[in-house]
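Survey of secondary and tertiary structure
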Amino acid sequence: MNKKLIALCAMALSLLMFGAIASAATPTGKTLLERAKNAYSPARTYTVLHINQGKTEKEFKYKAAYVPIKDLFDTRVSGIKWDNKTKIAEVTSAGKTLVFNFSNQKLESSDTKIVLPKEWIRMSQGRTEINSSVVAYLFDKYSASYKDKERDEWEEKLSFLGIKESEAVPGVKDSYLYVYVTFEEKSS
């Protein structure tokens, strides 16, 4: 009797795990932000960010679902700047600019200036931050299974940032989303 019960429990567990994996392959949601959160688990309110570039690895821990752009990009891009007058932050790399617009003016993207949607970003305690699920989703190394055209377009637009790939793992015993971002190695 115990063997049958164990076998039944094992089968039920495998079905649950397979269902979780299958649902992760096709995140749902009307917006990219919703799909990004659903891809990894919207219940994760904190973030552990691991950044790899070559032989260098850094880890940051945040009590938020957002990560500061300074920690994310740091020396891995040409520059990061904040204009207090216009309320705009910019990350530059490879002759292009990623724009974080906190002003009341509407900015349009161009070939060299990419403006992020306001729902992906926030200003917190004087820091410009981006949602960690969005970062993970845009560069996810398993993205081929998502069949998300909008995500694919954003990944292409943001390729100048030098992010090779990302991966996100929801914490099992905590409220953290563990986000691993790998940057291309810098050429000497």
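The present account deals with the structure reproduced in this document.

What counts, and at which threshold
Think of each chain on its own: its residues are numbered from 1, step by step along the sequence as written. Under the rules for a predicted model, residues below a pLDDT of 70 receive no local features and side-chain atom pairs below 80 are neither given nor counted, while totals for whole chains, interfaces and linings still include all residues. The basis for every side-chain value is the complete set of non-hydrogen atoms in the structure, without hydrogens or water. Any two strands are treated as partners once DSSP identifies two or more bridges connecting them. Elements are defined by DSSP. Helices are runs of H or I of four residues or more, strands are runs of E of two residues or more, and each kind is numbered from the N terminus. Structural elements are reduced to axes, namely lines fitted to C-alpha atoms, with helices fitted over the stretch in contact, and the angle between N-to-C directions of any two is expressed from 0 to 180 degrees. Note on definitions: the grid is 1 Å and covers protein atoms alone; a cavity is a set of points where a 1.4 Å probe fits but cannot get out; a pocket is an open set with protein on both sides within 12 Å along at least five of seven lines; lining residues have an atom within 4 Å of a point. Grid points are joined across faces, edges and corners, and a volume is the space filled by probe spheres set on the points. Classification convention: Asp, Glu, Lys, Arg as charged; Ala, Val, Leu, Ile, Met, Phe, Trp, Tyr, Cys, Pro as nonpolar; all other residues, Gly among them, as polar. We count a salt bridge whenever a side-chain nitrogen from Lys or Arg sits within 4 Å of a carboxyl oxygen from Asp or Glu. Burial classification: accessible surface area is computed with a 1.4 Å probe over protein chains only, and a residue below 20% of its type maximum counts as buried, one above 50% as exposed, and the rest as partly exposed.

Turning to the sheet that holds strand β8 (residues 121-124), a few remarks are in order. The three strands are arranged β3-β9-β8 in an open sheet whose pairing can be described as antiparallel. Of all the strands in the sheet, just β3 (66-68) and β8 have a single pairing partner and so form its edges. Sheet twist, expressed as the average angle between the axes of neighbouring strands with direction ignored, equals 40°. As paired strands, β8 and strand β9 (residues 127-131) are joined by four bridges and run antiparallel to one another. Bridge pairing in β9 links M123 to T128.

Glancing now at empty space enclosed by the protein. Tallied over the entire structure, the rule returns one cavity of 30 Å³ or more. Along its surface, the largest cavity is lined by L72, F73, L98, F100, I130, V135, L138, F139, L158, L161 and I163. Looking at the lining of the largest cavity, the elements that each hand over two or more residues are α3 (69-73), β6 (96-101) and α4 (132-138). The residue makeup of the lining of the largest cavity, split by class, is eleven nonpolar, no polar and no charged.

Its identity is not glycine, yet D74 carries a phi of approximately 30°, on the positive side. Positive phi values are uncommon outside glycine, yet K87 reaches one of about 65°.

Summed over the entire model, instances satisfying the criterion amount to eleven salt bridges. Residue K141 pairs with E167 through a salt bridge whose shortest N-O separation is 3.3 Å. In this pair, K141 sits in the loop between α4 and α5 (149-157) while E167 sits in strand β10 (residues 163-170), placing the two residues 26 residues apart along the sequence. For K141, a relative accessible area of 39% corresponds to the partly exposed category. As a salt-bridge pair, R151 and E155 come within 2.8 Å of each other at their nearest N and O atoms. Of this pair, R151 and E155 are both found in helix α5, four residues apart, which corresponds to roughly one turn of the helix. Taking relative accessible area as the criterion, R151 reaches 1% and is therefore assigned buried. A residue is classified by how much of its surface remains accessible, and E155, at 25% relative accessible area, is partly exposed. Connected via shared salt-bridge partners are R35, D148 and E150.

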